[in-house]
Amino acid sequence: MTVADAVTGSFETTGRRWASEALRRADPQLADLLAAEAERRAESVQLLAGENLTGPAVLAALTGPLIDKYAEGYPGRRHHTGCALADAAELLAVDRARELFAAPHANVQPRSATSAMLATYAALLRPGDVVLAMSLEHGGHLSCGSRANFSGRWFDFVGYGVRREDGLIDLDQVRALAREHRPKAIVAGSISYPRHPDWAAFREIADEVDAYLIASAAQTTGLVAAGVAPSPVPYADVTVAATHKLLRGPRGGLLLCTTELAERIDRAVFPFSQGGAAMNEVAGKAVALAEAATPGYRAYAHRTVAGARVLAAGLAEAGMRPLTGGTDTHLVTADVGPLGVSGAEAERRCTVAGLMLGKCALPYDPAPPSEASGIRLGTGTVTSQGMGEAELTEIAGLIGRLLAEGADVRIGERVRELARAFADRR
Ligand SMILES: *Cc1c(COP(=O)(O)O)cnc(C)c1O
């Protein structure tokens, strides 16, 4: 199968795939669980913003022979013997990442975006340093200063946010906080902000106070790869990316940085924060990066954003308030308050009907985080399955009815029908 086939070819997602003979013999209990999970996915519509559908070529690389290889270190500088082919696979991934993102340096070893953030902070900061990042209440990731995370424990975070009027990042506030607190690093990027950060403006502010600029771009990595989102790479000292979200690769992180920081970033990943890399994941990343360079993937990225715009418009039509009035990405964050339900209740009703989305605390949310006033959805998975604007318009309407009128078995039936129609397609 060629890379192009893998992007456009069919991919079976139903339970049959998991009834592998060996697994069924060795562990029928787990085989049943996996079959049921595949069935659950086939019967419901996946709108969780960070998820996608991993393609067959990436899955093949993930379960290939590199899964057994120990390869601590970097190509040409390993602590284990027998690494020549592992080196070649990692170099493929690194070269493809550098080319795809026009990045001077790439590190493909981080096991997750959060561990890539850890390595980035380790490379640039010392414990106690001040970091300016989007506050968690306004959409910053856990790795941007949560007290439950290493970031909030080891660094002194100052949070910026979005304006109440239009939901857009308040760059005047970012600049004022930067001047006041003189951070060592500024982080731009979010888990729920549906617009692109103004990378040039962030760079200018970082330069003014002599801070590093870290792009926390895990959500939109695939859009940047496809040229659908402006790239942070020319502006940021370090870009933290994820390979499992829109990029449709293995669950994992990816670091892109300047030549100047290359050595520090590499040492901060291994040996500072990780041991041996998962070479099967590195191989899977190489495949995903090759796929992301194809016209088929770029078309997918465009469709993903077009679908999200339609979804946002449909939710607005149904009485919800999309943050910032719409989206430039795969993400839609919407206030469900006008329909008289909480985010948690919206998530419950949609889940029962087979529409898988997440409650989301909004900036200036009057509700406690456990209830929240918003929902967050993404179009990555459904677009991979081949759903388009017609389906997303319908889905927005179904969500609207569930929230305005309450549970209705007919809605659940329609969702299952939609899900089944697209379960084996991408
Ligand atoms: C998804 C995401 C993360 C975390 O990714 P993991 O791989 O789950 O650790 C971090 N930051 C941002 C902005 C994200 O969107």
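Up top you'll find the structure we're talking about.
Basis of the calculations
- Counting restarts for each chain: residues are numbered from 1 in the order of the written sequence.
- Owing to the predicted nature of the model, reporting of local features is limited to residues with pLDDT of at least 70; listing and counting of side-chain atom pairs is limited to 80 or more, with chain, interface and lining totals taken over all residues.
- In computing side-chain values, all of the structure's heavy atoms are included and hydrogens and water are not.
- Elements are defined by DSSP. Helices are runs of H or I of four residues or more, strands are runs of E of two residues or more, and each kind is numbered from the N terminus.
- With the radius of gyration taken over C-alpha atoms, the globule rule is written as 2.2 Å times the number of residues to the power 0.38.
- The buried label applies to any residue whose accessible area, calculated with a 1.4 Å probe on protein chains only, is under 20% of its type's maximum; exposed applies above 50%, and partly exposed to all values in between.
- In what follows, residue pairs with any heavy atoms lying within 4.5 Å of each other are defined as contacts.
- We get accessible surface area from the Shrake-Rupley algorithm with a probe of 1.4 Å; when it comes to residues, only the shown protein chains can shield them.
- When charges are counted, Lys and Arg contribute as positive and Asp and Glu as negative, whereas His and the chain ends are disregarded.
- To locate a charge, the coordinates of NZ of Lys, CZ of Arg, CG of Asp or CD of Glu are taken.
- Should a side-chain nitrogen of Lys or Arg be within 4 Å of a carboxyl oxygen of Asp or Glu, the pair is scored as a salt bridge.
- A molecule or strand has a residue near it when one of that residue's heavy atoms lies within 4 Å.
- In protein, a polar contact requires one atom able to donate a hydrogen and another able to accept it; more generally it is a pair of N or O atoms within 3.5 Å, and residues adjacent in sequence count only if both atoms are side-chain atoms.
- When residues are sorted by character, Ala, Val, Leu, Ile, Met, Phe, Trp, Tyr, Cys and Pro go into the nonpolar class, Asp, Glu, Lys and Arg into the charged class, and all the rest, Gly among them, into the polar class.
- All axes here are fitted lines through C-alpha atoms, helices being fitted over the stretch that makes contact, and every angle between N-to-C directions spans 0 to 180 degrees.
- Take the far helix as the reference: if the near one is turned anticlockwise from it by less than a right angle, the crossing is left-handed, and if turned clockwise, right-handed.

Caption draft 1: Representation of the overall build of the chain in the model. Scanning the chain from terminus to terminus reveals 17 helices and 15 strands. On C-alpha atoms alone, the chain measures out to a radius of gyration of 21 Å, which is about the 22 Å that the 2.2 N^0.38 rule sets for 426 residues. Along the first, second and third principal axes, the C-alpha set of the chain runs to 60 × 60 × 40 Å. When each of the 426 residues of the chain is scored for burial, the buried share is 57%. The long-range fraction of contacts in the chain, counting pairs at least 24 apart against all pairs at least 6 apart in sequence, stands at 71%. For the chain, the computed accessible surface area is about 17600 Å², with 53% contributed by carbon and sulfur atoms. Averaged over its 44 positive side-chain charges, the chain has a centre that lies 2 Å from the centre of its 49 negative ones.

Caption draft 2: Layout of the pattern of salt bridges. Inspection of the entire model under this criterion finds 27 salt bridges. With a shortest N-O distance of 4.0 Å, Glu 165 and Arg 163 are connected by a salt bridge. Where Asp 172 meets Arg 175, a salt bridge forms, and the shortest distance between an N and an O atom there is 3.6 Å. Of this pair, Asp 172 and Arg 175 are both found in helix H8 (residues 171–181), 3 residues apart, which corresponds to roughly one turn of the helix. Note on Asp 172: relative accessible area 55%, which makes it exposed. Three or more residues joined by partner-sharing salt bridges are found here, namely Glu 39, Glu 43 and Arg 420.

Caption draft 3: Expanded view of the site of the ligand. The full set of residues close to the ligand is Ser 112, Ala 113, Thr 114, His 141, Ser 190, Ile 191, Ser 216, Ala 218, Gln 219, His 244 and Lys 245. At 2.9 Å, a backbone N or O of Ala 113 approaches an oxygen atom of the ligand. Separating an oxygen atom of the ligand from a side-chain N or O atom of Gln 219 is a distance of 3.4 Å. Of the residues belonging to the shell around the ligand, the class tally is 3 nonpolar, 7 polar and 1 charged.

Caption draft 4: View of the packing of helix H5 (residues 84–101) against helix H12 (residues 279–292). Remark: H5 packs on H12, axes separated minimally by 8 Å, with the N-to-C direction vectors making an angle of 35°. The handedness of the crossing between H5 and H12 is left-handed. Residue-level contacts link Ala 86, Ala 89, Glu 90, Leu 92, Ala 93, Arg 96, Ala 97, Leu 100 and Phe 101 of H5 to Met 279, Val 282, Ala 286, Val 287, Leu 289, Ala 290 and Ala 292 of H12. Broken down by class, the residue content of the contact of H5 with H12 amounts to 14 nonpolar, no polar and 2 charged.

Any functional reading would require information beyond the geometric quantities listed.
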